[in-house]
Amino acid sequence: MLNIYNTLTKAKEPFKPLEGNKVRMYVCGMTVYDYCHLGHGRSMVAFDLVTRWLRYSGYDLTYVRNITDIEDKIINRAHQNGEPYDALTGRMIDAMHEDERRLNILPPDQEPRATDHIPGMQAMIQTLIEKGYAYAPGNGDVYYRVGKFEGYGKLSRKRIEDLRIGARIEVEEAKQDPLDFVLWKAAKPGEPSWASPWGPGRPGWHIECSVMSTCCLGDSFDIHGGGSDLEFPHHENEIAQSEAATGKPYAKAWMHCGMIRINGEKMSKSLNNFFTIRDVLEKYHPEVVRYLLVASHYRSAINYSEDSLRDAKSALDRFYHALKGLPVAAPAGGEAFVARFAAAMNDDFNTAEACAVLFDLVRDINRVRDNDPAAAAGLAGRLRELGGLLGVLQLDAEAFLRAGAEGRVNAAEVEALVQARLQARADRNWSESDRLRDQLTAMGVVLEDSKGTTTWRLAD
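Residues numbered from 1 in each chain as written. Predicted model: local features only at pLDDT ≥ 70, side-chain atom pairs only at ≥ 80, totals over all residues. Heavy atoms only, no water.

Where an unreviewed UniProt entry is consulted, the protein appears under the name Cysteine--tRNA ligase, with the organism given as Pseudomonas quercus. According to UniProt, the comment filed for the protein under the heading Subcellular location (unreviewed entry) is "Cytoplasm". Per UniProt, the protein has the following entry under Sequence similarities (unreviewed entry): "Belongs to the class-I aminoacyl-tRNA synthetase family." (UniProt positions renumbered as here; feature names shortened; annotations may be inferred.)

Structural data, given as C-alpha cells:
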C-alpha cells in the first residue's frame, strides 16, 4: 500500500482516495515573470514522479498545476521591460513549457491561469465577507480576518499569538489586525485591473490558488503539493480561505518537496543565487539534470554543485553502459527488483532507494550479459521500464554516452580512427593499435573493446 507523509498531520499515512480509485491533486505552479530556475524544476520533477507512480499504480489521477499570471512581481517586471504584462507572461509560459519538455516532465491535465478565474475569486471573496471572515475597509482593498478562523496554523504549527509578536501594519494598509492578509488589492495608476464590487483591482496571491483548485477539483480533494517554502503563509492561508468559504475540509494530504540549496541557502530569485534551468542545460545533458533531481527523496534538500551534477552524470553513464550493445527487448525476469522498487516508491515515493534498486539490477545485467544475452536483454528491458517510472533511461545508450561530442571532437574523424585501430588489431599490428588508442585518448575519447567490436565515448 502507498504511504505518503502528510505535512498536515506530520506523519506518514496510508493513502486512500476520497472517492474510490480517483485521485485529485493540485500543485502550486510558477509565477511567470522570469525563466524557471532549478528550484522550480525540483518541484515540477517531484510531482511528475508522483504523477507517474500514481498512474502506474492504477489510480485514475487528475493532476492540476496552476499558473500565476498576475502578481506584483509580474507587474514590476513588465514595467521595467516596457511591455504589457500579458506579453511578458506569454513568453515566460512558453519558456516554462520548453524547459519541462527538455526535462521530460509530463504536462498536467489542467493548467489554469489566474486571470481566467477572476470572477470565481470575486465570488469567494464575497462569500468570505458575508460569513464575516473578510472585510472591505473602503479603500478598494479586501482583507481576510485571520483571527476568526479557528484552525489557523494547523498546517505549519504556528500559533497566532506567536505570529503577532513583532507583526505590524504598514502605513498604506487598512488592516484590523497585523496578521490579516489581502484578498483583493486596489489598483494603482497604470496597473492592470479588473472591475469589482470594491473598486478596480486584482486578486491577492493566496485567493488565486483557493479558487483555481476548488474550481478544477471540487471543495475537497486528495493531495495538495508545492515547495516547502509555500507551507507558510501561502498554504496556511489557502486552508483558511477555502475552509471558511466552503465549510468543508480542503486537501486531505499535503506534500512539500525540499529546496535546492547553494552554500546552505535556498535557491531563489529574491536572494539572487539562482541558476535558470536553461542555464544549467547549456552545460549538462537534460537527463543528467533530471537524475540529479530524482536521485534524492523529494522531501530532502538538494545541494547544487558541479560535483553533484558530475555524480549524476556518472550514475547515468553506469546505467547506459549496462544497456549499451543489448537489443531492445520487453522486460523479462528481475521480478525481485520490481518488488523492491515498488516497495521503495510506495514508501512515500522514496526515489533514493528506488535508484539503489536500479544499481543492483545493473550488476545482474553485467553478470549475465556474456553468458546469457537473452536474459541480459530482458533485464535491460526491465531497467528501462523501471527507469521510465523515474523519467530516465529512455534514450539510445550510444547516443547518451556520446552526448556532448559535438563541438568537442569530430565524430567522423573519431569513427575513422576507431575503424583503423580495429583493422590494426585484426592485422595483429599492436604498435599501430596502441598508437591510435593514444591518439584517441589525447582527443578525450574513451575506447571500450568487446568481442571484436569497439565503442567510444567522451571522457568525463
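On to the packing of aromatic side chains. With the rule as written, the count across this model stands at 17 aromatic pairs. Where F15 meets Y59, the ring centres are 5.6 Å apart and the plane angle is 75°; that geometry is what we call edge-to-face. Of this pair, F15 sits in the loop between strand 2 (11–14) and strand 3 (22–27) while Y59 is found in the loop between helix 1 (38–56) and strand 4 (60–65), placing the two residues 44 residues apart along the sequence. In this structure, F15 and Y59 share a single accessibility class: buried. Between Y133 and Y144 the ring centres are 6.3 Å apart and the planes differ by 20°, which places this aromatic pair in the stacked class. Within this pair, whereas Y133 is found in the loop between helix 4 (118–130) and strand 5 (134–135), its partner Y144 is found in strand 6 (residues 142–144), the two being separated by 11 residues in sequence. Residue Y133 shares its accessibility class with Y144, and that shared class is buried. Every member of this aromatic cluster is reached through a ring pair, and the members are Y26, F221, Y250 and W254. K148 extends its terminal NZ or CZ atom over the ring of Y133, reaching a point 5.2 Å from the ring centre. (Phe/Tyr/Trp six-rings, centres within 6.5 Å; stacked < 30°, edge-to-face > 60°. Helix = DSSP H or I, 4+ residues; strand = E, 2+ residues; numbered from the N terminus. Buried < 20%, exposed > 50% of the residue type's maximum accessible area, 1.4 Å probe, protein only. Lys NZ or Arg CZ within 6 Å of the ring centre and 35° of its normal.)

What follows covers the pattern of salt bridges. Pairing of side chains with opposite charge becomes possible as their charged atoms draw close. Within the structure shown, the criterion is met by 33 salt bridges. Residue R52 is joined to D48 by a salt bridge in which the shortest nitrogen-to-oxygen separation is 2.8 Å. Of this pair, R52 and D48 both sit in helix 1, separated by 4 residues, roughly a single helical turn. R52 sits in the buried class, given a relative accessible area of 14%. Among the ionic pairs, D348 bridges to R299, the shortest N-O distance being 2.9 Å. (Salt bridge = Lys/Arg side-chain N within 4 Å of Asp/Glu carboxyl O.)

Read across the sheet, 4 strands follow the order 5-6-7-8 without closing on themselves; strand pairing throughout is antiparallel. Edge positions in the open sheet fall to strand 5 and strand 8 (201–203), since each of these has one partner strand only. Bridge analysis of strand 6 against strand 7 (residues 181–186) gives 3 bridges, and the strand direction is antiparallel. In the sheet register, V142 faces strand 7, and the bridge partner there is W184. (Pairing = 2+ DSSP bridges.)

Mapping Q394 onto the fold places it in the loop between helix 13 (373–389) and helix 14 (397–401). Taking the relative accessible area as the measure of exposure, Q394 reaches 45% and is therefore partly exposed. Once you skip the residues sitting within four places of it in the chain, Q394 turns out to touch E287, Y320, R384, G387 and G388. At 2.8 Å, the side chain of Q394 forms a polar contact with the backbone oxygen of R384. (Contact = heavy atoms within 4.5 Å. Polar contact = N/O pair within 3.5 Å; in protein donor to acceptor, adjacent residues only side chain to side chain.)

This part takes up unusual backbone geometry. The step from F232 to P233 runs through a cis peptide bond, and the omega angle for that step is 5°. Along the chain, the position of P233 falls in helix 7 (residues 231–246). In this structure, F349 takes a positive phi of about 55° despite not being glycine. Residue F349 is classed as buried on the basis of its relative accessible area of 2%. Phi at R428 takes a positive value of approximately 60°, unusual for a residue other than glycine. Looking at the element boundaries, R428 is found in the loop between helix 15 (411–426) and helix 16 (430–442). Here R428 falls in the exposed class, since its relative accessible area comes to 61%.

Here the focus is the packing of helix 4 against helix 7. For the pair helix 4 and helix 7, interaxial distance at closest approach is 9 Å and the crossing angle is 70°. Comparing the axis directions of helix 4 and helix 7 gives the class roughly perpendicular. From helix 4, M124, T127 and L128 reach across to helix 7, where they touch Q241, A244 and A245. For the contact of helix 4 with helix 7, the per-class residue count stands at 4 nonpolar, 2 polar and no charged. (Axes fitted to C-alpha atoms, helices over the stretch in contact; angles between N-to-C directions. Parallel < 35°, antiparallel > 145°, perpendicular 65-115°, else oblique. Nonpolar A, V, L, I, M, F, W, Y, C, P; charged D, E, K, R; others polar.)

Now for helix 11 (residues 335–346). With 12 residues, helix 11 should cover 16 Å at 1.5 Å per step; its first-to-last C-alpha distance of 16 Å lies within 8% of that length. For helix 11, the secondary structure elements touched by its buried residues are strand 1 (3–6), helix 1, helix 12 (351–368) and helix 13. Of the residues flanking the end of helix 11, it is D348, one or two places downstream, whose phi is positive at about 60°. (Expected span 1.5 Å × (residues − 1).)

In this structure, F47, L54, Y291, F341 and F349 are the most contacted members of the largest nonpolar core, which totals 85 residues. Leave out the neighbours within four places in its chain, and F349 touches L2, I4, V50, W53, M255, H297, Y298 and A344. I125, A134, M212 and A245 belong to the second largest nonpolar core, which has 40 residues in total. (Core = buried A, V, L, I, M, F, W, Y, C linked by side-chain atoms within 4.5 Å.)

Right, let's talk about the UniProt feature "domain: Cysteinyl-tRNA synthetase class Ia DALR" (unreviewed entry) in the protein for a bit. What UniProt calls "domain: Cysteinyl-tRNA synthetase class Ia DALR" (unreviewed entry) maps, in this numbering, to residues 340–401. Here residues 340–401 runs as 76% helix and 0% strand, with 28 Å between its end C-alpha atoms.

Let's shift gears to the UniProt feature "short sequence motif: 'HIGH' region" (unreviewed entry) in the protein. According to UniProt, the "short sequence motif: 'HIGH' region" (unreviewed entry) feature falls on residues 30–40. Annotated as 27% helix and 0% strand, the span residues 30–40 places its first and last C-alpha atoms 7 Å apart.

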